Amino acid sequence: TNDKNKCILSGGEWYKFNRDYLTYLNDSIKEIDAVYNSQYDFNDNVHAQFIEGVFLREKNDEKYVGEDDSKIKESLKRKYYAERCFNLIRQGEGRFTNYDRVETHLGFVKMVLFDKSTLTMFAVKKGKSSSALCYAVDQSLTSLKKYKHGEVSGMPRFNNVGLWFI
């Protein structure tokens, strides 16, 4: 970083930045409530336990005849990727409705999870990279615009929007 010239070196190239904008962005981000509840912790162990449960229920399905257990589990892990697993667990608890992969032909995600008790729609993303997190923000903004312009039907009314990073 070169503070005198307001530049930052990234990937071998220098980029100028606008400190006023960064201050504004930082202040805006501070206004967003961040809520943590350990009840909803999600990690590789939770995912593995979920996959094991599905494996025990589905391993004898016709489509897996002749497959060894490790191949079946790999297939299930792809089918029940982290976000899908998280959403199904939340749905199973009864408080949330899972809309993941509902009407994906529309070209946008209406909402992923809906908290019936707080009337909150959520976008859910797993990832540490800024691109994964930005995708969740973009996804939510697109959904909000569609709702605002009356382009979404068949979904519950909501009062809040949340980004759920797992």
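Here's what I pulled together on the structure shown here. (Residues numbered from 1 in each chain as written. Predicted model: local features only at pLDDT ≥ 70, side-chain atom pairs only at ≥ 80, totals over all residues. Heavy atoms only, no water.)

1. Details of the environment of tyrosine 36
Note on placement: tyrosine 36 falls in the loop between helix H1 (19–30) and helix H2 (44–58). Sequence separation of tyrosine 36 and tryptophan 164 is 128 residues, and the distance between their C-alpha atoms is 9.9 Å. Polar contacts involving the side chain of tyrosine 36 include one to the side chain of aspartate 41, which spans 2.9 Å. (Helix = DSSP H or I, 4+ residues; strand = E, 2+ residues; numbered from the N terminus. Polar contact = N/O pair within 3.5 Å; in protein donor to acceptor, adjacent residues only side chain to side chain.)

2. Quick word on the packing of aromatic side chains
Tallied over the full model, the rule gives 9 aromatic pairs. Their ring planes at 85° and their centres at 5.9 Å tell us that tyrosine 40 and phenylalanine 96 sit as a pair that is edge-to-face. In this pair, tyrosine 40 sits in the loop between H1 and H2 while phenylalanine 96 sits in strand S3 (residues 96–98), placing the two residues 56 residues apart along the sequence. Summarising the aromatic geometry, the rings of phenylalanine 42 and phenylalanine 86 are spaced 5.7 Å apart at their centres and angled 90° between planes, so their arrangement reads as edge-to-face. Highlighted residues: phenylalanine 42 in the loop between H1 and H2 and phenylalanine 86 in helix H4 (residues 82–93), separated in sequence by 44 residues. Just as phenylalanine 42 is buried, phenylalanine 86 falls in that class too. Taken together, the ring pairs in this structure connect Tyr40, Phe42, Phe86, Phe96, Phe122 and Trp164 into an aromatic cluster. Its guanidinium or amino end placed over the ring of phenylalanine 86, arginine 90 lies 4.7 Å from that ring's centre, counting from NZ or CZ. (Phe/Tyr/Trp six-rings, centres within 6.5 Å; stacked < 30°, edge-to-face > 60°. Buried < 20%, exposed > 50% of the residue type's maximum accessible area, 1.4 Å probe, protein only. Lys NZ or Arg CZ within 6 Å of the ring centre and 35° of its normal.)

3. Some thoughts on the sheet that holds strand S4 (residues 113–115)
Judged by pairing direction, the sheet is mixed, and its 4 strands sit side by side in the order S3-S4-S5-S6 without closing on themselves. The open sheet is flanked by S3 and strand S6 (160–165), the only strands paired with a single partner. The sheet shows a mean angle of 25° between the axes of neighbouring strands, direction not considered. As judged from the 6 bridges shared by strand S5 (residues 120–125) and S6, these two strands associate in the parallel manner. Paired with phenylalanine 122 across the bridge in S6 is glycine 162. (Pairing = 2+ DSSP bridges. Axes fitted to C-alpha atoms, helices over the stretch in contact; angles between N-to-C directions.)

4. Re unusual backbone geometry
A negative phi angle is the norm for most residues apart from glycine, just as the trans form is the norm for most peptide bonds. One non-glycine residue, leucine 119, lies in the positive phi region at around 55°. Structurally, leucine 119 can be placed in the loop between S4 and S5. Overall, leucine 119 belongs to the partly exposed group, its relative accessible area being 31%.

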